[in-house]
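Coordinate analysis (summary)
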Amino acid sequence: MRRSLLSSLRAHLGRLVAACLAIVLGVGFGSLAMIVHSSASHGIDETIGAQYKGIDTVVYPQSASISPADIAAVRRLPQASSVVTLSTAYMDVAFPDLVRPVGTQIDALYDTSVIAGPSTSSGQLPTATNEIALPSRLAAKHKVGIGDQLRISSYDGKSWTLKVVGLVNDTNSVGPASAVATAAAVKVFAPETFVRAIGVAAKSGVSQTQLADAARGVISDGLQVYTGQEFVQHEVENFTHGIDVLGGVFGMFALIALFVACLVIGNTFTIVIAQRTREMALLRCVGASRRQVFTSVLAEASVVGVAASAIGVVFGVALSALALTLSREFDWGIPRVPLHLDVASVFVPLLLGTVATLIAAVVPARRATKVAPLAALRPEAAPAAASRAGVLRLLAGFLLLAGGGVLLVAGAAMHQVIIGAAGGGISFLGILAVGSLLVPALIRLIGTLPARGGGVPARIALANAVRNPKRTAATTSALLIGVTLISLTCVGIASVQKTFDVTMSQQYPVDLVVTAYSEKMPAGAEQQLREIKGITQVVPVSRVNVKAGGQEMPATGIDEAKAGSVIHNPSLAGELKPGTALVDYRTMEALKLTEGSQLTLTSGQHKVSLTARMSVGHFDPITITSADLAKLAPNAATTGYWLASDPKANGPDVIDAVQQSIPTVKDLGVEGGLAERSTYTKIFDVLLVVGIGLLGVSVLIALVGVGNTLSLSVLERTRENALLRAMGLSRRQLRRMLAVESLLMALVAAGLGIVLGLVYGWTGTSALMGGQTVTGGVEYAVPGTLLVAIAAIAAVAGLLASVLPARRAAKVAPAGALATE
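The structure contained in this document is the topic of the report that follows.

Rules used throughout
Residues numbered from 1 in each chain as written. Predicted model: local features only at pLDDT ≥ 70, side-chain atom pairs only at ≥ 80, totals over all residues. Heavy atoms only, no water. Helix = DSSP H or I, 4+ residues; strand = E, 2+ residues; numbered from the N terminus. Buried < 20%, exposed > 50% of the residue type's maximum accessible area, 1.4 Å probe, protein only. Contact = heavy atoms within 4.5 Å. Areas by Shrake-Rupley, 256 points an atom, 1.4 Å probe, with all protein chains shown as cover. Expected span 1.5 Å × (residues − 1). Arc of directions from axis to C-beta. Pairing = 2+ DSSP bridges. Axes fitted to C-alpha atoms, helices over the stretch in contact; angles between N-to-C directions. Parallel < 35°, antiparallel > 145°, perpendicular 65-115°, else oblique. Left-handed = near helix turned anticlockwise from the far one by under 90°. Nonpolar A, V, L, I, M, F, W, Y, C, P; charged D, E, K, R; others polar.

**Digging into the overall build of the protein chain**
- Summing up its helical and strand segments, the protein chain has 29 helices and 19 strands in all.
- The 821 residues of the protein chain split such that 48% are buried.
- For the protein chain, long-range pairs separated by at least 24 residues make up 81% of all intrachain contacts whose partners lie at least 6 apart in sequence.
- A total of about 39,100 Å² of accessible surface is found on the protein chain, and carbon and sulfur atoms cover 61% of it.

**Structural notes on helix 14 (residues 435–446)**
- Under the 1.5 Å per step criterion, the end-to-end length of helix 14 is 16 Å for 12 residues, consistent within 8% with the ideal 16 Å.
- When we look at burial in helix 14, the residues that qualify are Gly435, Val439, Pro440 and Ile443. For helix 14, the angular spread of buried residues about the axis comes to 110°, placing them on one side.

**Concerning the pairing of strand 6 (residues 149–153)**
- One ladder, built from 3 bridges, connects strand 2 (residues 80–94) with strand 6; its direction is antiparallel. Bridging from a neighbouring strand, Asp92 pairs with Ser153 of strand 6.
- Note that strand 6 and strand 7 (residues 159–168) share 5 bridges and pair antiparallel. Bridge pairing in strand 7 places Ile152 opposite Trp160.
- Where strand 6 hands over to strand 7, the hairpin turn is made up of 5 residues, of which Gly157 adopts a positive phi near 95°.

**With respect to the pairing of strand 17 (residues 622–625)**
- As paired elements, strand 13 (residues 551–558) and strand 17 share 4 bridges and run parallel to each other. Residue Thr556 lies in a different strand from strand 17, and its bridge partner there is Thr623.
- With 2 bridges connecting them, strand 14 (residues 580–583) and strand 17 associate as antiparallel partners. Pairing of Val583 across the sheet is with Ile622, part of strand 17.

**Some words on the packing of helix 26 (residues 731–769) against helix 27 (residues 784–801)**
- As a packed pair, helix 26 and helix 27 sit with axes 8 Å apart at the nearest point and diverge in direction by 155°. Taken together, the axes of helix 26 and helix 27 are roughly antiparallel relative to one another. Of the two elements, helix 26 crosses helix 27, and the hand of that crossing is right-handed. Taking contact as the criterion, the partners of Ala739, Ser742, Leu743, Ala746, Leu747, Ala750, Ile754 and Leu758 in helix 26 are, on helix 27, Leu787, Ala791, Ala794, Ala795, Gly798, Leu799 and Ala801.
- Here the residues of the contact of helix 26 with helix 27 sort into 13 nonpolar, 2 polar and no charged.

The values are spatial; any link to function lies outside them.
Next comes the structure, spelled out in structure tokens:
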């Protein structure tokens, strides 16, 4: 059988290329996911470990702050050889390219003879109280060099001028790096400096555990003591939580890719073995047992699986190296991550790819052993339209579909993600089980139009597409999985984002609120704000202090005609009208007001009575119309602006530009929901890109399966195609026939996948977000452009999958093909 196996591999290698390609893609993708995750985690471990090199014990504030008495007690420990205080001051630094100072973290230097500390990429560390060293990236951003003077200030108005004497090496820093100054300077800047930890190095012969136990006995309650290794692990876990989550997402998509690859592999082996029925029968006739035939098929699959999986691992390593190299070109606030290969990231994908191939080949191998030798030597009969096994399969499919649908609805109604996910998985298995009935019916439905207008090639293509329902369903199922997952991802993210936008509009009705606290706005302020890129609307507001219920508080007046252009909550903007005051919840409670009660505002000799309406979200204490405010303060000056921004604009850039605008205003406040909104919008965009990119791999594998099925179908129908050619079908018509057949399968997979994606996306959004919003409602979205693009790409890809099979079929001469077995 060994010679038979080798001969079979050589003879049928061309037919197994598509299966090999599916394995390579699936395994390569899995290797990429595991290697990138392993490299990122290992890089963070190494970086954080280097930052705390030499520290054997760390005293960390948990529910209490570190006091001078705690520091003194730790210093007196006989087991300690070096004790350093990790302290930080938060100061405002006036950079030369900015109008106003920005908050910057300044760490105090400590003795680094035993415990590692910051180092410089150029210049030196500060030695005097009037010196500072800036992180290299921060200095480059604001164009600050060694020798420049910087003005720093504290929250209580004190300020100092410092000289930049060095640039801190922040190449491998985790997150934004801090500036550094001497401990004496930090103490001057902030007498009550925040102590973020105490680092302790042990004397020779003292273990980390012994030192930690000694420290626990002398510190106050509310402080946490870690050994050096425990603290590094603690910091790594804090930073790599997102990496671990991303690794889980990558792993999930990798498993999806392998699952799709299994479908392609199983379909390929089914067709290849069906074509080799006579060959298997001859082996049985010359003495091969069923077990030997079964073993030979699995051995063939194992050879293919090991070889293709090995190529896939190499492919994954190459992609990982490329991805990590490209990541170094972008500043993502993470250290440089080198390529790190471990046993799991190399051998687990190799093992999974081999096992997946074997599992996919089991059913075709068993089917090959069930054919009697003499029956197999006779011409193969056409596949039966129905069988007992097929009926049971359909019955099970409908039961799975009904049960999964019930769980899906229950998960959405009860807002339980686990129940909804189980329902989605079970119902999708039901769809796959009834695919042999559903897919041909859909192909007949959408194939009616091309069959009528496409002539003979289109009619033959429709007949060929539904001739073998089981094979057609298996072929489209691989593509169906990919399209369903991509559609689900797009619909789910769009719905979650829309729900989030509505919630944000309720929580933060205004994007940005610009306020001059101690002065009025200058004449050109509005125009300056309008010229900022990303700002779409600017509405001036006035604020005056009024008395209400015996308490003094600010009241904001805005033009009711313009308020709707900056207030995202339409119902809230609609309630702002003359005679009405929008009052936030805290003010309603403080003044003991209820919805619709009368509120009297007084300013000097002026008084106005208004109807109180509760405002929702982060809103000013009392908001009224400009007309009502004019009754209280006829000459009220403009003290601020409410801004609306372009949803596509970069939120942080817009905020930075607004904060540095209107230079004549000394104390400018900038608030609003734009920062949080833009942060989550960016996350949604990244998730969408990553999700589509990852799931695109499964679609690529599925399309390989479509092309493979067509190729093997061409080989099966060699005589039939030759007969069509002999009867007058041209090569062009033959290529068109195969293109229509492939297009019909791709369109059915795309259409059904998009419908399922809509259902799963909406129910998943309801299960995930329902009950977590302010009103408890969920917004459903249909990303029409993306869904149309998905359908178009699937259609084009289906056509491309037919190119090579069609060319191969067109090259065969009719006379030669009619003579083939």
